[in-house]
Amino acid sequence: MKVTLSAIKADVGSVGGHNKPSLKLTQSIIDHVENEGKKKKLIIDYKVFTAGDDNFIIMSHTKGVNNTDIHRLAWDAFVQGTAIAKEQGLYGAGQDLLKDAFSGNVRGMGPGSAEMEFEERPSEPFIVFMCDKTDPGVFNYPFYRGFADPFHNAGLILAPDMQAGFEYTVMDVNYTEADKVITLKVPEEQYQLAALLRDPEHYVIESVHSRASGDQALVNSTSRLHNIAGKYTGKDDPVAIVRTQKEFPSTGEILSPFATAHFVVGDNRGSHNIALMPCKLGSIISFFDGPAMVTAAGICIHNGVMTEAVDLFDQPFWDYVRNKAAEKSYSLREQGFFGNAMAPMEELEYTGVMKILAGLDKKFVIRKK
Ligand code: F6R
Ligand code: MG
Ligand code: MG
């Protein structure tokens, strides 16, 4: 059957700073989706996760992507969550709800969304990646390695189904008038793809399709909050859904690039470079309002019904990676605000530095020769 997976996420308030939504808040989201979505048969199934201070609603249904009723269901759930956040005095209540009234689709309203419609395979395994304290370009590195780099993923040459390569759709997220996208085919256009993906704050992988079957392999939430709001409102903390196995890379081939603990932009005040830490589902934020984290739920879906989720980074190997990420991050943090320790100027999410520089600019003198 043809099914749609919709992942819609938002930060609407958390306990102890920007750390984790309260249990009551997340329960209010679950209750809303259960009562207004599942019981009323608008959706077939759902799951709710948290990563750091964000709530992620994963829904299965048959209404296709960008469906108003599905988006309203998620929006209203976050409105409910905001009411609880206000009642409990949580920090950042309603932070990601940038508009007062719902207008048909959560895109451009604050919450992030990643949706994909596909014909279910007899067994349909997929991963939901959920991040906190970073932006959607976080996936450029692992998804390049998983779908375009045979040195990392020998499956690309071993599995006949993958030899035709993949087609990437990449978005220029700095263009705010409309969606500005390009499609590139690997292996032929691998260098052109690399030239874009090396700049993850500007060019972001939105989706990947199999060239053998035409089927969509993944979707990523590409919205950038500061582009919507025109000012800092929090990091984008993306979600991505990746179908795995058979004509797609295996679950392990998709997970393994995260062992690099690659440097990403985010962390405290969204303004630093930090090594991405693969964490267990539901992990909280701690050191330096971070570290920037990715969590991963492995699920199978059949006739729209989802199995329980497997916590894919809850395995001893990832303890080694978490230690490595902590070491990488801390060695950069020891450098404070100097050079590469901080994000580039245009990514600084608070205006303090700009104000200082603007004030000092008037005081600079140009020496006579
Ligand atoms: C980063 C983040 C936090 C806050 C920081 C200051 O995405 O959410 O690091 O930027 O805790 O928060 P405010 O400005 O709310 O005091
Ligand atoms: Mg927050
Ligand atoms: Mg967050």
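Below or above, wherever it landed, is the structure these notes cover. None of these values were measured; they are calculated from a predicted model. (Residues numbered from 1 in each chain as written. Chains lettered and ligands numbered in written order. Predicted model: local features only at pLDDT ≥ 70, side-chain atom pairs only at ≥ 80, totals over all residues. Heavy atoms only, no water.)

### What about unusual backbone geometry?
With an omega of 10°, the peptide bond between Val186 and Pro187 qualifies as cis. Structurally, Pro187 can be placed in the loop between strand 7 (181–186) and helix 5 (190–197). Cis geometry marks the peptide bond from Gly290 to Pro291, where omega comes out at -10°. For Pro291, the location among the structural elements is in the loop between strand 13 (277–278) and strand 14 (293–302). Even without a glycine there, the phi angle at Lys41 is positive, about 60°. You can see Lys41 is positioned in the loop between helix 1 (23–38) and strand 2 (45–51). Judged by its relative accessible area of 70%, Lys41 falls in the exposed class. (Helix = DSSP H or I, 4+ residues; strand = E, 2+ residues; numbered from the N terminus. Buried < 20%, exposed > 50% of the residue type's maximum accessible area, 1.4 Å probe, protein only.)

### Points about the coordination of the magnesium ion (ligand 3)
Listed as protein donors to the magnesium ion (ligand 3) are Asp53 (OD), Asp54 (OD), Asp132 (OD) and Asp237 (OD); their distances from the metal cover 2.0 to 2.1 Å. Donor residues for the magnesium ion (ligand 3), ordered by position in the chain, follow D-D-x77-D-x104-D. Between the two metals, the magnesium ion (ligand 3) and the magnesium ion (ligand 2), the spacing is 4.3 Å, and Asp53 donates to both. One end of the pair, Asp132, is in strand 5 (residues 124–132); the other, Asp237, is in the loop between helix 6 (225–229) and strand 10 (239–243), and 105 residues separate them in sequence. The pair Asp132 / Asp237 is uniform in exposure class, with both members buried. (Donors = N, O, S within 2.8 Å, 3.2 Å for Na, K, Ca; no water.)

### Quick word on the sheet that holds strand 1 (residues 2–10)
One key point about sheets: their strands pair by backbone hydrogen bonds, in either a parallel or an antiparallel sense. Read across the sheet, four strands follow the order 2-3-1-4 without closing on themselves; strand pairing throughout is antiparallel. If you trace the sheet from one side to the other, it starts and ends with strand 2 and strand 4 (112–119), each paired once. Within the sheet, the average angular offset between the axes of one strand and its neighbour, ignoring direction, is 15°. Examined bridge by bridge, strand 2 and strand 3 (residues 54–61) share seven bridges and lie antiparallel to one another. Note that in strand 3 the partner of Thr50 across the bridge is Asn55. Its contacts with the sheet place helix 1 against strand 2 and strand 3, and it is angled at close to 165° to strand 2. (Pairing = 2+ DSSP bridges. Axes fitted to C-alpha atoms, helices over the stretch in contact; angles between N-to-C directions. Contact = heavy atoms within 4.5 Å.)

### Digging into helix 2 (residues 68–88)
For helix 2, which comprises 21 residues, the first-to-last C-alpha distance of 30 Å matches the rise-based estimate of 30 Å (1.5 Å per residue) to within 8%. By the burial criterion, the buried members of helix 2 are Ile70, His71, Leu73, Ala74, Trp75, Ala77, Phe78, Gly81, Thr82, Ile84 and Ala85. As for helix 2, its buried residues are in contact with strand 1, helix 1, strand 3 and strand 4. Capping the start of helix 2, Asn67 holds a side-chain oxygen 2.9 Å from the backbone nitrogen of Asp69, two or three residues further along. (Expected span 1.5 Å × (residues − 1). Polar contact = N/O pair within 3.5 Å; in protein donor to acceptor, adjacent residues only side chain to side chain.)

### Overview of the coordination of the magnesium ion (ligand 2)
Between any two of four tetrahedral donors, the ideal angle at the metal is 109.5 degrees; between two of six octahedral donors, it is 90 or 180 degrees. In the first shell of the magnesium ion (ligand 2), the protein supplies Asp11 (OD), His18 (ND1) and Asp53 (OD), at 1.9 to 2.4 Å from the metal. Binding-site remark: the magnesium ion (ligand 2) is held by donors from one chain whose sequence spacing is D-x6-H-x34-D. Overall, the relative accessible area of 23% leaves His18 in the partly exposed class.

### Section: the side chain of Thr4
Tracing the sequence through the fold places Thr4 in strand 1. Here the side chain of Thr4 touches Gly64 through a polar contact of 3.1 Å, landing on its backbone nitrogen. Among residues more than four places away in sequence, those in contact with Thr4 are Met59, Ser60, His61, Thr62, Lys63, Gly64, Val65, Met116 and Glu117.

By themselves, these observations are geometric and do not establish any function.
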